[in-house]
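Listed below are the residues making up each chain.
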Amino acid sequence: MKRISRDHKVRNFHQAKWDEPIIFELSNEGERGILVPEAEEEIVKVVGDGVSKIPESMKREKLPNLPEINQKRVLMHYLRLSQETLGGDLNIEIGQGTCTMKYNPKINEYIARMPEMTELHPLQDESTVQGILEIIYKTDLCMREISGMDQFTFQPGGGSQAIFTMASIVRKYHREHGEENQRDEIITTVYSHPSDAAAPATKGYKVITIMPDEEGYPDYEAFKNAVSERTAAFFVANPEDTGVFNPRIKEFTDLVRKAGGLNCYDQANANGLLGVTRAKEAGFDMCFFNLHKTFSTPHGCGGPGGGALGVVKELIDYLPKPIVGFKDGKYFLNYDLDKSIGKVRLFNGVPQTVLKAYAWIMSLGAEGLYEVAKVAVLNNNYLFKKLLEHKGVDAPYIRGKQRVEQVRYTLEKLAEDTGISTEDIARRVMDFGMHYWTSHHPYYVPEPITLEPTETPSKEDLDEYIRTLHHIFDEAYENPEIIKNAPHRSTIHKIDESSFDDPEKWAPTWRVYLRKTEEE
Amino acid sequence: MKKIGLIVNPIAGMGGKVGLKGTDGTHILDKAIRLGAIPEAPAKTIKALEKLLPVRDRLLIVTCSGNMGQEEAENLGFQTKIVYKPKKTITDSNDTKLAAKKIKEEEVELLLFVGGDGTARDVYESVGNRQLVLGIPAGVKIHSPVYANTPEKAGELALLCVMGKNIAVREEEVVDIDEEAFRRDMVRTQLYGYLKVPVDKKFMQNKKAPTPLGEEATQKAIALDIVDHMEKEICYIIGPGTTTRAIMQALRLPYTLLGVDVVMNRKIMKKDASESDLLNYVNQYPSKLILTPTGGQGYLLGRGNQQISGDVIKKVGKENIIIVSTNSKIIELRGKPLLVYTGDKKVDEMLKGYYRVKVGYGMEVMYRVEGE
Ligand SMILES: Cc1ncc(COP(=O)(O)O)c(C=O)c1O
């Protein structure tokens, strides 16, 4: 097909701007979306009025403060809001590094929305839900193959909850072994996800963080000094958020095992490792994957995520109940786990998410998963090479070597040269219908950007993203004011960020907003 | 009408271009001028003040006559009020001190000063941490984080202050190096005090985790961890610094910011202890030593806490040293080790190695300590 070359071009984009109030402000007293018809007399005769049976103590005294709006207005409201967001399916989603924003196949959404799935109830008898139990069971088998672990649970609703579950298992394990009080420390690394520190901390653990050495690997000497008879566990991501893979990971896990601790692997960064390395061979006792990242199911806004948590044989008994088993030709819910930590979420987690992940895995097969990893790494290293070609852009650590699936870049030089910071550029990227994310706080890498292309974008998409960033980096040197005042084509302009770290100024709900503004 | 103070140290930075590493002391200045040094400060002052042009009509610049501020401000068309006139044409550190005192009396929103570490020390001597100030970098030596990164950045921050934007305030260290040692290529900083400076909250924002703790909140968290785990009948020697001060504040005890305080059973034993006081305590009681590094260079010992001598440390024992630091100070080191310089080579050697640095409540970072 003949095409006009657009190589030199960045996109001419403009985000919709509706100045749309929030839904509570749209409320008009007495306005109705639906008038629910009164029950017919015959029905009332049989089942009552539906209200008087409710115990007095449970009845609310005041009507709920819900907005009163007609149907059309509700529809307009949400369509407008949707136009004001930079949807994952609209933009080249490379900028949300560490989040593995890959394409969520729409056919899998379709499958998950079929009544065969949506009409199920978690309290149904096992014999009537054999299909979904089979899918959970088989997804477990796939996960075992991918990781080398011996049993998975899909109860955690996301990565952080999976980390929390691992920390709960660590605590229970040491309690069973009479060492709960002695082992009060967990070790993690700076470039692992902050939840690897935060979730164990909420379980009461003291957290010791290992800094990177000059090459960006966790400092082994520091690690040796940190491991002791007080070590409960080691929580780590590999590759870390820098895209650097620690090839000596087995030495780390061996050290912890010898000291009596457990090894917990944050495999939320697994997209470049499918079919390449496994948790078991690296010496881990547990690991988790994010179904909403590596396994293609949508992130939060597209429905709940899923943290698939796997453990070695010795730890199966500790898993949250129930897990799915298979016996005598039947799938069943296995509650027979005598050291179980209990539950971390209702029922069996989020089966729709497991279903979508299963569909994705089966559509690719083993070779396909390996191909995913290869393409994700290739895409990343192509982007890496191209971005480093620009003045002012760099990436610390392992110079001259490849990264796995993502890279944390630094714009420190560019900021020094031009006075333009990474946050300034993050705003300007919006003008081209894209975005990027900087990094976790605090910024260990100065002026960071973290990019993770995944296997999704084509070379054309990658080139557009690169072209756009190069264009903006050029602007930083030639016309910094345009960046300083960005965004110019977005829904909202620069916002006052001064209250971001002041909880007094936050209004997470409408009710809080009313209370706080009334006081003023 | 808003008021902003301005002090220009007109000779700041003159030594640098001719390779002299600082201009503290008049004979050095003479030498600099003979070597052909030209003033750096005026241009940098103007770069900063230009950022204030949008509010020129609403602003009064309280400053000193001639090349100590008046010229730059009036060149840009600002209204000025002159509250100090230097006696000589070649100004010195006394002029900065006197000017700072006068300007403080005028109750300015913010005091801008142009210079280097020496200038910051002079300002500190006059206003302590009772006045919001901000440094415009022009000097040869700038180790004190009371300076903005660039003159432009200083101007932008000043503008935010004038516009009454909600900006964060932080106490930052005034450090200076021993210029004699520096001319021999040794960098050894001393901590002189703390100045109150505005900080750009933009650099604290965080998108994935919405509640980054500020510097002060972090210090409080560290202090609570220390206080919750204090043992009875142990003598705690608390080194200088704002992070260690938070411990004294959590205990509701009197303290010295730059000195060394001694605490036992949650009571103050000695404020501003000398070396012999410390030896006295450590010889009598099992002791622990709590230290925090200086920002930027990461000196734990040998930067204004000489009371904590090699002999004191030997008696306390390496395993009883507790290091506390906010994460941001650790990040600023960019992988460089924390430093000790006690003057006793053997002690420095003994102190080397990895330590658990307390960075929050129940949060530690493994970090390396080395000799100078
Ligand atoms: C390495 C890593 N671990 C854990 C998580 C947390 O996962 P979730 O967002 O599902 O809680 C993430 C999410 O970005 C991650 O990148």
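Since the model is a prediction, treat every value here as computed from it, not as a measurement. (Residues numbered from 1 in each chain as written. Chains lettered and ligands numbered in written order. Predicted model: local features only at pLDDT ≥ 70, side-chain atom pairs only at ≥ 80, totals over all residues. Heavy atoms only, no water.)

What chain B contains, in helices and strands, is 14 helices and 16 strands. In chain B, which comprises 372 residues, the share counted as buried stands at 56%. The contacts in chain B between residues at least 6 apart in sequence include a share of 65% that link residues at least 24 apart. Total accessible area computed for chain B in this model is approximately 15700 Å², and 50% of it derives from carbon and sulfur atoms. (Helix = DSSP H or I, 4+ residues; strand = E, 2+ residues; numbered from the N terminus. Buried < 20%, exposed > 50% of the residue type's maximum accessible area, 1.4 Å probe, protein only. Contact = heavy atoms within 4.5 Å. Areas by Shrake-Rupley, 256 points an atom, 1.4 Å probe, with all protein chains shown as cover.)

So, on to helix H5 (residues 93-105) of chain B. Every α-helix carries 3.6 residues per turn, so stepping three or four residues along brings you back to the same face. All names here are of chain B. With 13 residues, H5 extends 19 Å from end C-alpha to end C-alpha; this agrees with the ideal 18 Å at 1.5 Å per step. On its buried face, H5 is in contact with strand S1 (2-8), strand S2 (59-64), strand S3 (79-84), strand S4 (110-115) and helix H6 (117-127). With a side-chain oxygen positioned 3.0 Å from the backbone nitrogen of Asn-94, the residue opening H5 is Asp-92. Downstream of H5 by one or two residues, Glu-107 has phi in the positive range, about 55 degrees. (Expected span 1.5 Å × (residues − 1). Polar contact = N/O pair within 3.5 Å; in protein donor to acceptor, adjacent residues only side chain to side chain.)

Negative phi values dominate among residues other than glycine, just as trans dominates among peptide bonds. Residue and element names in this part refer to chain A. Residues Lys-321 and Pro-322 are joined by a peptide bond in cis, for which omega reads -10 degrees. Checked against the element boundaries, Pro-322 lands in the loop between strand S7 (307-311) and strand S8 (323-327). The residue Glu-447 is not glycine, and still its phi comes out positive at about 45 degrees. Mapped onto the elements of the fold, Glu-447 is located in the loop between helix H12 (422-429) and strand S11 (448-451).

By the assigned domains, chain A splits into domain 1 (18-83) and domain 2 (122-363). The C-alpha-based centres of domain 1 of chain A and domain 2 of chain A are spaced at 42 Å. (Domains from an automatic or database assignment.)

Turning next to the domain arrangement of chain B. Residue and element names in this part refer to chain B. In terms of domains, chain B is made up of domain 1 (2-199) and domain 2 (213-371). Summarising the inter-unit geometry, the C-alpha centres of domain 1 and domain 2 are found 31 Å apart. Facing the 13 residues of domain 1 at the interface are 17 residues of domain 2. Across the interface of domain 1 and domain 2, roughly 1300 Å² is buried in total on both sides, 46% from carbon and sulfur atoms. For the pair domain 1 and domain 2, the number of links is 2 salt bridges. Of the charged contacts, one joins Glu-173 and Lys-329 as a salt bridge, the two residues approaching to 4.0 Å between their closest N and O atoms. Here domain 1 is connected to domain 2 by 2 residue pairs in polar contact (both at pLDDT 80 or more). Mapped onto the side of domain 1 that touches domain 2, the elements with two or more residues apiece are strand S6 (168-177) and strand S7 (189-199). In terms of residue class, the side of domain 1 that touches domain 2 is built from 5 nonpolar, 4 polar and 4 charged. (Buried area = accessible area lost by both parts, 1.4 Å probe. Salt bridge = Lys/Arg side-chain N within 4 Å of Asp/Glu carboxyl O. Nonpolar A, V, L, I, M, F, W, Y, C, P; charged D, E, K, R; others polar.)

Residues A:Met143, A:Val170, A:Phe235, A:Met286 and A:Phe295 are the most contacted members of the largest nonpolar core, which totals 82 residues. For this core, the element with the highest residue contribution is helix H10 (residues 351-388) of chain A, accounting for 10 residues. Those residues in contact with A:Phe235, other than ones at most four positions away along the chain, are A:Ile163, A:Met166, A:Ala167, A:Val170, A:Ile186, A:Ile187, A:Thr188, A:Thr189, A:Ser192, A:Asp196, A:Pro200 and A:Cys264. A:Val190, A:Ile398, B:Val347 and B:Val359 belong to the second largest nonpolar core, which has 39 residues in total. (Core = buried A, V, L, I, M, F, W, Y, C linked by side-chain atoms within 4.5 Å.)

This part takes up the packing of aromatic side chains. Residues and elements named next belong to chain A. Overall, the coordinates contain 18 aromatic pairs over all chains when judged by the stated rule. Centroid distance Tyr-191 to Tyr-444: 6.4 Å. Interplanar angle 80 degrees. Geometry classified as edge-to-face. Pair noted here: Tyr-191 is in the loop between strand S2 (185-189) and helix H7 (195-202) and Tyr-444 is in the loop between H12 and S11, with a separation of 253 residues, a long-range link. Three or more aromatic residues joined by ring pairs make a cluster, and in this case those are Phe-152, Phe-289, Phe-295 and Trp-360. (Phe/Tyr/Trp six-rings, centres within 6.5 Å; stacked < 30°, edge-to-face > 60°.)

The next point concerns the environment of A:Phe295. Within the secondary structure, A:Phe295 sits in the loop between strand S6 (286-290) and S7. The spatial distance from the C-alpha of A:Phe295 to the C-alpha of A:Lys356 is 8.4 Å, given a sequence separation of 61 residues.

To continue, consider the pattern of salt bridges. Inspection of every chain in the model, using the stated rule, returns 54 salt bridges over all chains. We note a salt bridge from A:Asp463 to A:Lys459, for which the minimum N-O separation is 2.8 Å. Residue A:Asp463 and its partner A:Lys459 are located together in helix H13 (residues 459-478), separated by 4 residues, close to a single helical turn. Exposure remark for A:Lys459: the relative accessible area of 53% places this residue in the exposed category. One salt bridge connects B:Asp176 with B:Arg121, and the closest N-O pair in it is separated by 2.8 Å.

On to the pairing of strand S11 (residues 287-291) of chain B. Note on strand geometry: in a regular strand, side chains alternate between the two faces of the sheet. Residue and element names in this part refer to chain B. Taken across its 5 residues, S11 has 5 buried, putting it largely inside the fold. Of the two faces of S11, both are covered, the one formed by Ser-287, Leu-289 and Leu-291 as well as the one formed by Lys-288 and Ile-290. Note that S11 and strand S13 (residues 321-324) share 3 bridges and pair parallel. Across the sheet, the residue bridging to Leu-289 is Ile-321, located in S13. (Pairing = 2+ DSSP bridges.)

What follows deals with the sheet that holds S3(B). Residues and elements named next belong to chain B. The strand order S3-S2-S1-S4-S5 describes an open sheet built from 5 strands, whose pairing is parallel. Of all the strands in the sheet, just S3 and strand S5 (133-137) have a single pairing partner and so form its edges. Neighbour-to-neighbour, the strand axes of this sheet turn through a mean angle of 25 degrees, independent of strand direction. As defined by bridge partners, S2 adjoins S3 across 5 bridges and the pair is classed as parallel. Residue Thr-63 lies in a different strand from S3, and its bridge partner there is Ile-82. (Axes fitted to C-alpha atoms, helices over the stretch in contact; angles between N-to-C directions.)

Another point: the site of the ligand. Lining the immediate surroundings of the ligand are 13 residues, of which A:Gly159, A:Ser160, A:Asp266, A:His292 and A:Lys293 lie closest. Residues within reach of the ligand are spread across chains A and B. The separation between an oxygen atom of the ligand and a polar side-chain atom of A:Ser160 is 2.7 Å. Note that an oxygen atom of the ligand is positioned 2.7 Å from one of the side-chain N or O atoms of A:His292. In isolation the ligand offers 390 Å² of accessible surface; the protein chains occlude 86% of this area. At the level of elements, helix H6 (159-176) and S6 of chain A are the ones that each hand at least two residues to the shell around the ligand. (Near = heavy atom within 4 Å.)

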